[in-house]
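Commentary on secondary and tertiary structure
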Amino acid sequence: MLIIASFEKSIMVEMAISALQKHEINKEHIFAATLDQRDTPRPLFDSIHQADGFSMFDLAAILGTCFMLLGAIYGYVLTWGPIIWGIIGAVSGILLGFLIKYSLIKSRKTKSHRITSEVIIMIRTEKENKDKIENLLWEHNALGLSILKDH
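Numbering of residues begins from 1 in every chain and follows the order in which that chain's sequence is written. Local features in this predicted model are restricted to residues whose pLDDT is 70 or higher, and side-chain atom pairs enter the listing and the counts only when it is 80 or higher, whereas totals over whole chains, interfaces and linings include all residues. Remark: hydrogens and water are excluded; side-chain values derive from all non-hydrogen atoms of the structure.

Some remarks on the overall build of the protein
Secondary structure follows DSSP: runs of H or I at least 4 residues long count as helices, runs of E at least 2 residues long count as strands, and numbering of each begins at the N terminus. In terms of helices and strands, the protein carries four helices and four strands. Contact between two residues is taken to exist if any of their heavy atoms lie within 4.5 Å; hydrogens are not considered. Contacts in the protein between residues at least 24 apart in sequence constitute 77% of all its contacts with a sequence separation of at least 6. Surface exposure here means Shrake-Rupley accessible area, sampled with a 1.4 Å probe, where a residue is shielded only by the protein chains that are shown. Accessible surface, the protein as shown: approximately 11000 Å² in total, 62% of it carbon and sulfur.

In structure tokens:
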């Protein structure tokens, strides 16, 4: 049986490995590997084949629609008329929406809210030790756990 767990890169990994060794799991049956972090930044705009769930267009569309509506309404009392003020409102709302979203994305990238690199631990064990090892890994803040049974 193979138990695979992922951890954030922290002292809890070392503590989990030492706790496994205290519970009579041999060093030869424990494998740990770190994952490298991505060096290149994510693309700002999504494509058809890749999307990260953070849209640049939602706020721009909302503000463009709101500003266009306000421009068209108040354009009846202004000199250029509702059509020109509606276009001006739409363009200014879209630009404002893009600027706000862009500044939010840039501020999130500079903050320390990035996902840290992970460490993967693989443990080969017998079926009897499964529950004990699983509980031990969860107690040491494992992010995820997978159990592969030998056939």
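A look at the pattern of salt bridges
Counted as salt bridges are all cases of a side-chain nitrogen of Lys or Arg within 4 Å of a carboxyl oxygen of Asp or Glu. Under the criterion given, the structure shown has three salt bridges. A single salt-bridge network, built from bridges that share partners, covers Lys130, Asp131 and Glu134.

Observations regarding the packing of helix H1 (residues 11-22) against helix H4 (residues 130-139)
Only the stretch in contact is used when a helix axis is fitted, and all axes are lines through C-alpha atoms; the angle between N-to-C directions ranges over 0 to 180 degrees. Contact geometry of H1 with H4 gives a least axis separation of 9 Å together with a crossing angle of 155 degrees. Taken as axis vectors, H1 and H4 run roughly antiparallel relative to one another. Crossing geometry of H1 relative to H4 is assigned as right-handed. Of H4, the residues touching H1 (which contributes Met12, Ala16, Ala19 and Leu20) are Ile133, Leu136, Leu137 and Glu139. Looking at the contact of H1 with H4 residue by residue, the classes come out as seven nonpolar, no polar and one charged. Note on angle classes: values under 35 degrees are labelled roughly parallel, values over 145 roughly antiparallel, values of 65 to 115 roughly perpendicular, and the remainder oblique. A clockwise turn of the near helix away from the far one marks a right-handed crossing, whereas an anticlockwise turn of less than a right angle marks a left-handed crossing. Gly counts as polar in this scheme, as do all residues outside two lists: the nonpolar Ala, Val, Leu, Ile, Met, Phe, Trp, Tyr, Cys and Pro, and the charged Asp, Glu, Lys and Arg.

Overview of H4
Those residues of H4 that sit buried are Ile133, Leu136 and Leu137. Each buried residue of H4 sits inside an arc of 95 degrees when the element is viewed along its axis, so together they form one side. One or two steps after H4, the chain reaches Asn141, where phi turns positive at roughly 65 degrees. Relative accessibility thresholds used throughout: buried, under 20% of the residue-type maximum; exposed, over 50%; partly exposed, between the two (1.4 Å probe, protein chains only). The directions considered for the arc run from the helix axis to the C-beta atoms.

Quick notes on the packing of aromatic side chains
The rule is short: rings of Phe, Tyr and Trp, with Trp giving its six-membered ring, pair when the centres are within 6.5 Å, and they are stacked under 30 degrees, edge-to-face over 60, tilted in between. Summed over the entire model, instances satisfying the criterion amount to two aromatic pairs. Ring geometry for Phe57 versus Phe98: centroids 5.4 Å apart, planes at 80 degrees, classification edge-to-face. Residue Phe57 is located in helix H2 (residues 57-74), and its partner Phe98 is located in helix H3 (residues 82-110); the two are separated by 41 residues in the primary sequence. Between Trp80 and Trp85, the ring centres sit 5.6 Å apart and the planes meet at 20 degrees, which makes this aromatic pair stacked. We classify Trp80 as exposed; its relative accessible area is 57%. Of the residues examined, Trp85 reaches a relative accessible area of 26% and is grouped as partly exposed.

Some words on the pairing of strand S3 (residues 118-124)
Side-chain alternation along S3 places Val119, Ile121 and Ile123 on a buried face and Glu118, Ile120, Met122 and Arg124 on a face that remains uncovered. With seven bridges connecting them, strand S1 (residues 2-8) and S3 associate as antiparallel partners. Following the sheet pairing, Phe7 is matched in S3 by Val119. A strand pair is defined by DSSP finding two or more bridges across the two strands. The sheet contact formed by strand S2 (residues 30-34) and S3 spans five bridges and is antiparallel. Bridging across to S3, Thr34 finds its partner in Val119.

A word on a nonpolar patch on the surface
On the surface, a cluster of nonpolar side chains totalling about 870 Å² of accessible area is made up of Met68, Leu69, Leu70, Ile73, Tyr74, Tyr76, Val77 and Leu78. Its place among the elements puts Tyr76 in the loop between H2 and H3. When its relative accessible area of 68% is taken as the criterion, Tyr76 is described as exposed. Only residues above 30% relative accessible area that lack a salt bridge enter a patch, with like-charged residues linked at up to 9 Å and the nonpolar side chains Val, Leu, Ile, Met, Phe, Trp and Tyr linked at up to 5 Å.

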